[in-house]
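In case you want the letters, here they are:
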Amino acid sequence: MNTLLTRFFLTATTLPLHYLEHTPDKKLCSLLLEMDPEWKVDCSDDENYGLSYSSMCQQWVPSPAAVVQLFESYTGEKDCRLLNLDWVPVLEVDGEPLAQSNTIARYLARQHGLAGQNDWEQSQADMYVDCIHDLIGGFLRQWCPRMLIQAAGMKNYTPPLDYSGIQLPEKPKLPYMDKVPTYASNLKPPKMAKRLTLMRGPELIHNEFIHKQYGIVALCGGRLNSGHMEMIRMTINRKMDANKMFAVWRIDPPWQPLTRKGQGKRMGGGKGAIDHYVTPIKAGRVIVEVGGKCEFVQVFSFLNEVAQILPFKAKATSYDLMEAEKIEKKELAASNINPYTPEYVIKNNMGGCHDWISPYDKEWFFKYV
């Protein structure tokens, strides 16, 4: 292949050399200019040709104006001109438009005898064109990560959520909760048994989000004391944006007394003194709720941090996720082909299970343990 053909395809398939002068990567600019500096073409001052791209379509493509000027410098003919459209370069020849940069380059090469003398040389030219484009699209992109390749195309973006119906309260942060419940001055604080039933089973009332946004939900039963509540309050209040978010408690302050005898004291002598107060929690109970003009990804980090520190299993979730879980449970129950479910086994006393299972398992079928 002759030198002219090689130089043409080097110019027509690499980056436009007049554009390289504005490239931030000086290494790449100097490397390509050293390949063949005499073929640097600047069409910005040429009044005979014009080429314009929109900001969306500035690609690393051959410059048709540079290709046309290159051919005319060899042939001395001016039988074609470039049209300026809003989104693509078009070459007009005898009143007929021809679009796409590579197509324009190949057409001009064939017209002026620069595309090879036979089929083999034309195939070699096409091979070099495709190889150089692969290098630009792959190797150069990895070698020069600062090169920005922009391409036009349809992009689908999710529309922003509508927060017009959300009103932030006057005090968006979590309030402080008292460690000890307030009693009348003439009333002695009562003592109470353990009452483990307050932690067993599912939560039947406070198991939905009031504001239908985000929060922390307990996955099993447990107790929260004043230290846990203060940790929740401090973490959420410090990390949430009070200008866009708000948080509300969904649990009561500590109210159940737990007693403890002094260290080294012998058994007997009645119930010990009240040590501290707790709030019993059942599975499915909403502990704290966060809402406002925000998305779940904005609150998940600090809600999940709180959920991992609680003394029982809990998770940070949203209203949509909870609804999806309910639908999934119904679908799993409907698609289950095994008739021997825990409920069926317990209700029919299979294997005499009533003699050894817990009375709570007879009610909840091995759930909430």
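Just so it is clear, the model here is predicted, and its values are computed rather than measured.

A.B. asks: Outline the overall build of the chain, listing residues and values.
C.D. replies: Looking only at helices and strands, one finds 11 helices and 10 strands in the chain. Per-residue burial over the chain gives 34% buried out of 369 residues. Nonlocal contacts in the chain, meaning residues at least 24 apart in sequence, comprise 73% of its contacts between residues at least 6 apart. When the accessible surface of the chain is totalled, it reaches about 23,400 Å², and 53% of it is carbon and sulfur.

A.B. asks: Report on the sheet that holds strand β5 (residues 222-225), specifying residues and quantitative values.
C.D. replies: Backbone hydrogen bonds are what pair the strands of a sheet, in a parallel or an antiparallel way. In spatial order, the strands read β5-β8-β7; together these 3 strands make up an open sheet with antiparallel pairing. On the outer flanks of this sheet lie β5 and β7 (256-260), each paired with one strand and no other. Averaged over all pairs of adjacent strands, the angle between their axes in this sheet comes to 50 degrees, without regard to strand direction. Here β7 pairs with strand β8 (residues 273-281) via 5 bridges, running antiparallel. Each bridged residue has a counterpart across the sheet, and for leucine 258 the counterpart in β8 is histidine 276. Most of the contacts of helix α7 (residues 226-239) go to β5, to which it runs at about 75 degrees, and overall it touches β5 and β8.

A.B. asks: Any details on the environment of serine 335? Residues and values, ideally.
C.D. replies: Secondary-structure assignment places serine 335 in helix α9 (residues 319-335). Of the polar contacts made by the side chain of serine 335, one reaches the backbone oxygen of glutamate 331; its length is 2.8 Å.

A.B. asks: Tell me about unusual backbone geometry, and please be specific about residues and values.
C.D. replies: Backbone geometry places lysine 212, a non-glycine residue, at a positive phi of 55 degrees. Structurally, lysine 212 is set in the loop between α6 (119-143) and β4 (214-218). With a phi close to 50 degrees, asparagine 349 is a non-glycine residue in the positive phi region. Along the chain, asparagine 349 falls in the loop between α10 (342-347) and α11 (359-364). The partly exposed category is assigned to asparagine 349, whose relative accessible area is 33%.

A.B. asks: Describe the layout of surface pockets, naming the residues involved and giving the relevant values.
C.D. replies: As a volume, the largest pocket reaches approximately 930 Å³. Around the largest pocket, the lining is made up of 29 residues, and of these Pro202, Ala283, Gly284, Lys329 and Tyr368 lie nearest the centre. Elements represented by at least two residues in the lining of the largest pocket include exactly β4, α9 and α11. Looking at which element gives the most residues to the lining of the largest pocket, the answer is α9, with 7 residues. Class assignment of the residues belonging to the lining of the largest pocket gives a composition of 15 nonpolar, 4 polar and 10 charged.

A.B. asks: Mind laying out the packing of aromatic side chains, listing which residues take part and the relevant values?
C.D. replies: As enumerated under the stated definition, the model contains 5 aromatic pairs in all. Look at tyrosine 340 and tyrosine 344: their rings are 5.7 Å apart centre to centre, the planes differ by 75 degrees, and that puts the pair in the edge-to-face class. Judged by its relative accessible area of 51%, tyrosine 340 is exposed. A centroid spacing of 6.3 Å and a plane angle of 85 degrees characterise the contact between tryptophan 364 and tyrosine 368, whose relative ring orientation is edge-to-face. One aromatic cluster is present, built from ring pairs that chain together Tyr214, Phe296 and Phe300.

A.B. asks: Give a description of the nonpolar core that names residues and reports values.
C.D. replies: Grouped burial of nonpolar side chains is what soluble globular proteins tend to show. Counting 29 residues, the largest nonpolar core has Ile216, Ile232, Ile236, Ile287, Leu303 and Leu310 as the members making the most contacts within it. Those elements giving two or more residues to this core turn out to be β4, α7, β6 (245-249), β9 (286-292), α8 (296-309) and β10 (314-318). Those residues in contact with leucine 310 that sit more than four places away from it in its chain are Ile216, Leu224, Met231, Ile232 and Ile287.

Cut-offs used in this document
Residues numbered from 1 in each chain as written. Predicted model: local features only at pLDDT ≥ 70, side-chain atom pairs only at ≥ 80, totals over all residues. Heavy atoms only, no water. Helix = DSSP H or I, 4+ residues; strand = E, 2+ residues; numbered from the N terminus. Buried < 20%, exposed > 50% of the residue type's maximum accessible area, 1.4 Å probe, protein only. Contact = heavy atoms within 4.5 Å. Areas by Shrake-Rupley, 256 points an atom, 1.4 Å probe, with all protein chains shown as cover. Pairing = 2+ DSSP bridges. Axes fitted to C-alpha atoms, helices over the stretch in contact; angles between N-to-C directions. Polar contact = N/O pair within 3.5 Å; in protein donor to acceptor, adjacent residues only side chain to side chain. 1 Å grid on protein atoms, 1.4 Å probe; cavity = no way out; pocket = protein on both sides within 12 Å on 5 of 7 lines; lining within 4 Å. Points joined across faces, edges and corners; volume = space filled by probe spheres on them. Nonpolar A, V, L, I, M, F, W, Y, C, P; charged D, E, K, R; others polar. Phe/Tyr/Trp six-rings, centres within 6.5 Å; stacked < 30°, edge-to-face > 60°. Core = buried A, V, L, I, M, F, W, Y, C linked by side-chain atoms within 4.5 Å.

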